[in-house]
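Architecture at a glance
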There are 2 protein chains.
Amino acid sequence: MNENMNTPSTRGPLDHDVRDQVINAATKHFGHYGYEKTTVSDLAKAIGFSKAYIYKFFDSKQAIGEVICSNRLAMIMAIVDAAIAEAPTASEKLRRLFRSISEAGSDLFFHDRKLYDIAAVASRDQWPSVKAHEVRIRAIIQQILLDGREAGEFERKTPLDETTNAIFLVIRPYVNSAQLQYNLDTVPEAAVHLPALILRSLAP
Amino acid sequence: MNENMNTPSTRGPLDHDVRDQVINAATKHFGHYGYEKTTVSDLAKAIGFSKAYIYKFFDSKQAIGEVICSNRLAMIMAIVDAAIAEAPTASEKLRRLFRSISEAGSDLFFHDRKLYDIAAVASRDQWPSVKAHEVRIRAIIQQILLDGREAGEFERKTPLDETTNAIFLVIRPYVNSAQLQYNLDTVPEAAVHLPALILRSLAP
């Protein structure tokens, strides 16, 4: 698929308006009828555009789903960023990262199930938006580790890459929507017990 | 569903033979055509029994799938038990638990995909066989912790239940077939990095 679909195009502002219009309508339509069961024809009919016209702006249904998914993941990242921004220590940042990301994912599942399903498809098939999201989560984990090591909160013997990766693997089932749906019942305890285990492993 | 379907019935040996015959045929049939797409009628036709006759022995398709799933999970547990039995230390038992269970699950996925799919359905819907499997994994983790605490390998401050649960949550995405299919690419590194992280957290 086209990995550049989110980058600004050379098209004019009118084209951008149409793109936004399609995305807004598609978000509502997929949010109501589900992503997998909806075709571009269904969507075109619902918006009142021709299928050919939609294809002028998006290569495929996935390209539309990808923008919707990116938007949602950006909302989740904003929640995570806000949660950890004011944390006084690296340890507290790690706890808040676990709590905020698993709760934001659960909220999406319980309050916007059909849009959650797009994220689940995207996670299952590792769409570029999901890969980029995982790269951001990894970067946040690494920055928390660097902060904690510098502050003397965390040990410095284990290679940074290994620790970052291990923590990412622990949090991934709560980040990846394809997996989170099987972990919803354990989110409250996981958000407490997993960072506690990790923090014991990071003790200097 | 009937949770007692695996317990010995009061039926005679002939009935057990018929049950085994159905299970063997169903294992082959599901293994070839998949569980979700096969009906009891399809199965009856393939075995050469009437549908009513099969229903004399099994309440539902799930009851048949449940026995197949139990058999597979018992094979996986045998592999895990063998892997940890000879380990010289609790730390090594923990490493082997991670490696053996994630590899046995991956093997099932790559070599018997249709039977893996039964386990994935069973994990998604939390069939009794899967719940019992998870209880056994938890018990193994707890026993390893007790051994390690007694030998002075592991810290004893954290409540045993909390540590057991945290480790179970870390390993679960590699035990639960519904989730493992999304983690196959990380199994080799997870089998090294996750026990290493846990062992750092258990340091006295």
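A quick note: this is a predicted structure, and the numbers were derived from the prediction, not measured. (Residues numbered from 1 in each chain as written. Chains lettered and ligands numbered in written order. Predicted model: local features only at pLDDT ≥ 70, side-chain atom pairs only at ≥ 80, totals over all residues. Heavy atoms only, no water.)

1. Section: helix α10 (residues 187–202) of chain A
End to end, α10(A) covers 22 Å across 16 residues, agreeing with the expected 22 Å (1.5 Å per residue, within 8%). For α10(A), the complete set of buried residues consists of A:Val187, A:Ala190, A:Ala191, A:His193, A:Leu194, A:Pro195, A:Leu197, A:Ile198, A:Leu199, A:Ser201 and A:Leu202. Contacts made by the buried residues of α10(A) are with α5 (90–111), α7 (128–150), α8 (160–175) and α9 (177–180) of chain A together with α8 (160–175) and α10 (187–201) of chain B. (Helix = DSSP H or I, 4+ residues; strand = E, 2+ residues; numbered from the N terminus. Expected span 1.5 Å × (residues − 1). Buried < 20%, exposed > 50% of the residue type's maximum accessible area, 1.4 Å probe, protein only. Contact = heavy atoms within 4.5 Å.)

2. Looking at the packing of aromatic side chains
All names here are of chain B. Throughout the structure, instances matching the rule amount to twelve aromatic pairs over all chains. Ring centres of Tyr35 and Trp127 lie 5.7 Å apart, and the angle between their planes is 70°; this geometry places the pair in the edge-to-face category. Of this pair, Tyr35 sits in the loop between α1 (13–33) and α2 (40–47) while Trp127 sits in the loop between α6 (113–124) and α7 (128–150); the two residues are 92 residues apart in sequence, bridging distant segments of the chain. Residues Tyr35 and Trp127 agree in their burial class; the two are buried. Here Tyr53 and Phe57 contribute two aromatic rings whose centre-to-centre distance is 5.1 Å and whose plane-to-plane angle is 75°, an arrangement assigned as edge-to-face. (Phe/Tyr/Trp six-rings, centres within 6.5 Å; stacked < 30°, edge-to-face > 60°.)

3. With respect to the UniProt feature "domain: HTH tetR-type" (unreviewed entry) in chain A
In this numbering, the UniProt entry assigns the feature "domain: HTH tetR-type" (unreviewed entry) to residues 16–76 of chain A. Along residues 16–76 of chain A, the helical share is 80% and the strand share 0%, with 24 Å between the first and last C-alpha atoms. (UniProt positions renumbered as here; feature names shortened; annotations may be inferred.)

4. Observations concerning the interface of chain A and chain B
Quoted interface sizes are often the accessible area lost when the parts come together. Between chain A and chain B, the residue contacts involve 28 residues of the former and 28 residues of the latter. When the two sides are added together, the surface that chain A and chain B hide from each other amounts to roughly 2,400 Å², 60% of it contributed by carbon and sulfur. Run the count over chain A and chain B and you get four salt bridges. Among the salt bridges present, the one from B:Glu162 reaches A:Arg200, with a minimum N-O distance of 3.6 Å. Seen at the junction of chain A and chain B, the total is eleven residue pairs in polar contact (both at pLDDT 80 or more). Listed by contribution, the elements that provide at least two residues to the side of chain A that touches chain B are α8, α9 and α10 of chain A. Of all the elements, α8(A) adds the most residues to the side of chain A that touches chain B, at ten residues. Residue composition of the side of chain A that touches chain B, grouped by class: 13 nonpolar, eight polar and seven charged. (Buried area = accessible area lost by both parts, 1.4 Å probe. Salt bridge = Lys/Arg side-chain N within 4 Å of Asp/Glu carboxyl O. Polar contact = N/O pair within 3.5 Å; in protein donor to acceptor, adjacent residues only side chain to side chain. Nonpolar A, V, L, I, M, F, W, Y, C, P; charged D, E, K, R; others polar.)

5. Focus: the layout of surface pockets
Within this model, the largest pocket holds a volume of roughly 800 Å³. As for the largest pocket, its lining consists of 28 residues, of which A:Glu36, A:Arg124, B:Glu36, B:Arg124 and B:Tyr182 are closest to the centre. Of all the secondary-structure elements, those providing two or more residues to the lining of the largest pocket are α6 (113–124) of chain A together with α6 of chain B. Sorting elements by how many residues they give to the lining of the largest pocket places α6(B) first, with seven residues. (1 Å grid on protein atoms, 1.4 Å probe; cavity = no way out; pocket = protein on both sides within 12 Å on 5 of 7 lines; lining within 4 Å. Points joined across faces, edges and corners; volume = space filled by probe spheres on them.)

6. Digging into the side chain of B:Arg172
Residue position: B:Arg172 is located in helix α8. Taking relative accessible area as the criterion, B:Arg172 reaches 5% and is therefore assigned buried. Discounting chain neighbours no more than four positions away, the residues touching B:Arg172 are A:Tyr182, A:Asn183, A:Asp185, A:Thr186, B:Gln126, B:Glu134 and B:Gln179.

7. Some details on unusual backbone geometry
Even without a glycine there, the phi angle at A:Gln126 is positive, about 50°. Relative to the assigned elements, A:Gln126 resides in the loop between α6 and α7.

8. Comments concerning the relation of the copies chain A and chain B
At an RMSD of 0.0 Å, chain A and chain B line up after a rotation of 180° and a shift of 0.0 Å along the axis. Taken together, these values place the two copies in the relation of a two-fold axis. Of the C-alpha atoms belonging to chain A, the one lying closest to the rotation axis is found on A:Ser201, 1.8 Å away. Mapped onto chain B, 100% of the interface residues of chain A are again interface residues, and the two copies thus contact each other with one and the same surface. (Least-squares fit on C-alpha atoms with pLDDT ≥ 70 in both.)

9. Some details on the domain arrangement of chain A
All names here are of chain A. Domain boundaries assigned for chain A yield domain 1 (13–58) and domain 2 (67–202). Using only C-alpha atoms to locate each centre, domain 1 and domain 2 end up separated by 31 Å. Facing the twelve residues of domain 1 at the interface are nine residues of domain 2. For the pair domain 1 and domain 2, the summed buried area comes to about 820 Å², and 74% of that belongs to carbon and sulfur atoms. Ranking the residues of domain 1 by area buried against domain 2 places Ile23, Thr27 and Tyr35 at the top, with a combined share of 50%. (Domains from an automatic or database assignment.)

10. Some remarks on the UniProt feature "DNA-binding region" (unreviewed entry) in chain A
Cross-referencing UniProt, the feature "DNA-binding region" (unreviewed entry) maps to residues 39–58 of chain A in the present numbering. In residues 39–58 of chain A, helix accounts for 75% and strand for 0%; the two terminal C-alpha atoms are 13 Å from one another.

11. Section: the packing of helix α4 (residues 61–85) of chain B against helix α5 (residues 90–111) of chain B
Residues and elements named next belong to chain B. For the pair α4 and α5, interaxial distance at closest approach is 9 Å and the crossing angle is 150°. What the angle tells us is that α4 and α5 run roughly antiparallel. Seen along the crossing, α4 lies across α5 with a hand that is right-handed. Along the contact surface, α4 presents Arg72, Ile76, Ile79, Val80, Ala83, Ile84 and Ala85, while α5 presents Lys93, Arg96, Leu97, Ser100, Ile101, Ala104 and Leu108. When its residues are assigned to classes, the contact of α4 with α5 shows ten nonpolar, one polar and three charged. (Axes fitted to C-alpha atoms, helices over the stretch in contact; angles between N-to-C directions. Parallel < 35°, antiparallel > 145°, perpendicular 65-115°, else oblique. Left-handed = near helix turned anticlockwise from the far one by under 90°.)

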